[in-house]
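# Fold and contact review
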Amino acid sequence: MATNDRVLWGVGTSRTLRAHWALLHLGLPYRSEAIRTRSPEAQSGHYQAVNAAGKVPTLQDGALTVSESAAIVTYLGETYDGDQAPLVPRTPAARARYFEWMSFITMELDATSLYVLRRHYGLPEIYGDAPQANAVAREYFTRMALVAANRLPDRPQALLLGDSLSGVDILMMTCLEWAVSYHLNLPPRLAAYRDTVAAMPIYQKAREVNTP
């Protein structure tokens, strides 16, 4: 597939980072359209013909258009094999663990806690100041981060599904970076996991590509 047949729309957020990271990990050529969230470009008729919600990221892969970062990462992992281990496991038991982690990360860490902080701590001028909601979101993230830490394999440099990077590591790492930016503390085992992933060259490359 030519680069022009695969386009990723969106840069500058944790969620766009996920999609760039998956594409780079799999060694897939693509064109990046540097649209920012809540920008005039994202609300333009041109982009809304790609994604009617005006949200980023959106992946166009030939005739297929996929939005939602977790769906993009999973689609890429299930569709393409790169030089590295697959992003999505092949065996039923490992796939069950993958989707279990994906649901936990996207719901309990991202949507239920971090996105509340995104709105009311990071963007109070848009969504309103809500100290009580922020406090509850912080407490909930702390509890769920401890759950995640206790589920991690208890050995140095272990990843969520073993020794190879998977799509759920991409989702988890972006949530942890987001959490640290909001001054949330991570349990020691989760902090060590973050250090392991942060040292990966492909992660550093993805951050570079995702930077506007």
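A brief structural summary. All figures in this text were calculated on a predicted structure; none of them were measured in a lab.

### Describing the packing of helix α3 (residues 69-79) against helix α4 (residues 92-122)
- Where α3 meets α4, the axes come as close as 12 Å, and the angle between the chain directions of the two elements is 160°. Our classification of the angle between α3 and α4 gives roughly antiparallel. Pair α3 / α4 crosses with right-handed handedness. In this structure, α3 uses Ala-70, Val-73, Thr-74 and Glu-78 to contact α4, whose residues at the interface are Arg-95, Tyr-98, Phe-99, Met-102 and Thr-106.
- Within the contact of α3 with α4, the residues separate by chemical class into five nonpolar, two polar and two charged.

### Examining the nonpolar core
- Core analysis: the biggest nonpolar cluster contains 56 residues, and Leu-76, Ile-105, Met-172, Leu-190 and Tyr-193 have the highest contact counts within it.
- Going through the elements one at a time, α1 (14-25), α3, α4, α6 (131-151), α7 (167-181), α8 (188-198) and α9 (201-210) are the ones with two or more residues in this core.
- Here the element with the most residues in this core is α7; it accounts for nine residues.
- Beyond its immediate stretch of four places on either side in the chain, Leu-76 contacts Ala-19, Ala-22, Leu-23, Leu-26, Leu-28 and Leu-59.

### Quick notes on the side chain of Thr-13
- Mapping Thr-13 onto the fold places it in the loop between β1 (6-9) and α1.
- A distance of 3.2 Å separates the side chain of Thr-13 from the backbone nitrogen of Arg-15, its partner in a polar contact.
- Discounting residues that sit within four places of it in the chain, Thr-13 has contacts with Thr-37 and Asn-210.

### Quick word on the pattern of salt bridges
- Tallied over the entire structure, the rule returns 12 salt bridges.
- Note that Arg-97 is salt-bridged to Glu-100, the shortest N-O span being 2.7 Å. Residue Arg-97 and its partner Glu-100 are located together in helix α4, separated by three residues, close to a single helical turn.
- Accessibility expressed as a relative area gives 48% for Arg-97, which makes it partly exposed.
- You can call Glu-100 partly exposed: its relative accessible area is 34%.

### Side note on the sheet that holds strand β3 (residues 58-61)
- Across the sheet, four strands lie side by side as β2-β1-β3-β4; this open sheet has mixed pairing. Edge positions in the open sheet fall to β2 (31-33) and β4 (64-67), since each of these has one partner strand only. This sheet shows a mean twist of 15° between the axes of neighbouring strands, independent of strand direction.
- Direction of pairing for β3 relative to β4: antiparallel, over a ladder of four bridges.

### Looking at the packing of aromatic side chains
- The tally for this structure, following the rule as stated, stands at seven aromatic pairs.
- Between Tyr-98 and Phe-99 the ring centres are 5.1 Å apart and the planes differ by 80°, which places this aromatic pair in the edge-to-face class.
- With relative accessibility at 0%, the residue Tyr-98 sits in the buried group.
- Among the residues examined, Phe-99 registers a relative accessible area of 29% and is labelled partly exposed.
- A centroid spacing of 6.0 Å and a plane angle of 85° characterise the contact between Trp-101 and Phe-104, whose relative ring orientation is edge-to-face. In this pair, Trp-101 and Phe-104 are both assigned in helix α4, three residues apart and thus about one turn of the helix distant. Take Trp-101 and Phe-104: they sit in the same class, and that class is buried.
- Each residue in the set Tyr-121, Trp-178 and Tyr-182 is aromatic and connected to the rest through ring pairs, giving one cluster.
- A cation sits over an aromatic face here: Arg-119 above Tyr-127, 4.3 Å from the ring centre.

### Let's talk about the side chain of Arg-6
- Following the sequence through the fold, Arg-6 ends up in strand β1.
- Separated by 3.3 Å, the side chains of Arg-6 and Tyr-80 make a polar contact.

### Looking at unusual backbone geometry
- Cis geometry is found at the peptide bond from Val-56 to Pro-57, where omega equals 5°.
- Looking at where Pro-57 falls in the secondary structure, it is placed in the loop between α2 (45-48) and β3.
- The phi dihedral of Glu-68 is positive, around 75°, even though this residue is not glycine.
- Assignment of secondary structure puts Glu-68 in the loop between β4 and α3.
- When its relative accessible area of 58% is taken as the criterion, Glu-68 is described as exposed.
- Located in the positive-phi region is His-183, a residue other than glycine, with phi close to 65°.
- With respect to the helices, strands and loops of the structure, His-183 is situated in the loop between α7 and α8.

Here is what the cut-offs are and how they apply
- Residues numbered from 1 in each chain as written.
- Predicted model: local features only at pLDDT ≥ 70, side-chain atom pairs only at ≥ 80, totals over all residues.
- Heavy atoms only, no water.
- Axes fitted to C-alpha atoms, helices over the stretch in contact; angles between N-to-C directions.
- Helix = DSSP H or I, 4+ residues; strand = E, 2+ residues; numbered from the N terminus.
- Parallel < 35°, antiparallel > 145°, perpendicular 65-115°, else oblique.
- Left-handed = near helix turned anticlockwise from the far one by under 90°.
- Contact = heavy atoms within 4.5 Å.
- Nonpolar A, V, L, I, M, F, W, Y, C, P; charged D, E, K, R; others polar.
- Core = buried A, V, L, I, M, F, W, Y, C linked by side-chain atoms within 4.5 Å.
- Buried < 20%, exposed > 50% of the residue type's maximum accessible area, 1.4 Å probe, protein only.
- Polar contact = N/O pair within 3.5 Å; in protein donor to acceptor, adjacent residues only side chain to side chain.
- Salt bridge = Lys/Arg side-chain N within 4 Å of Asp/Glu carboxyl O.
- Pairing = 2+ DSSP bridges.
- Phe/Tyr/Trp six-rings, centres within 6.5 Å; stacked < 30°, edge-to-face > 60°.
- Lys NZ or Arg CZ within 6 Å of the ring centre and 35° of its normal.

Remember, this is a structural readout, not a statement about activity or role.
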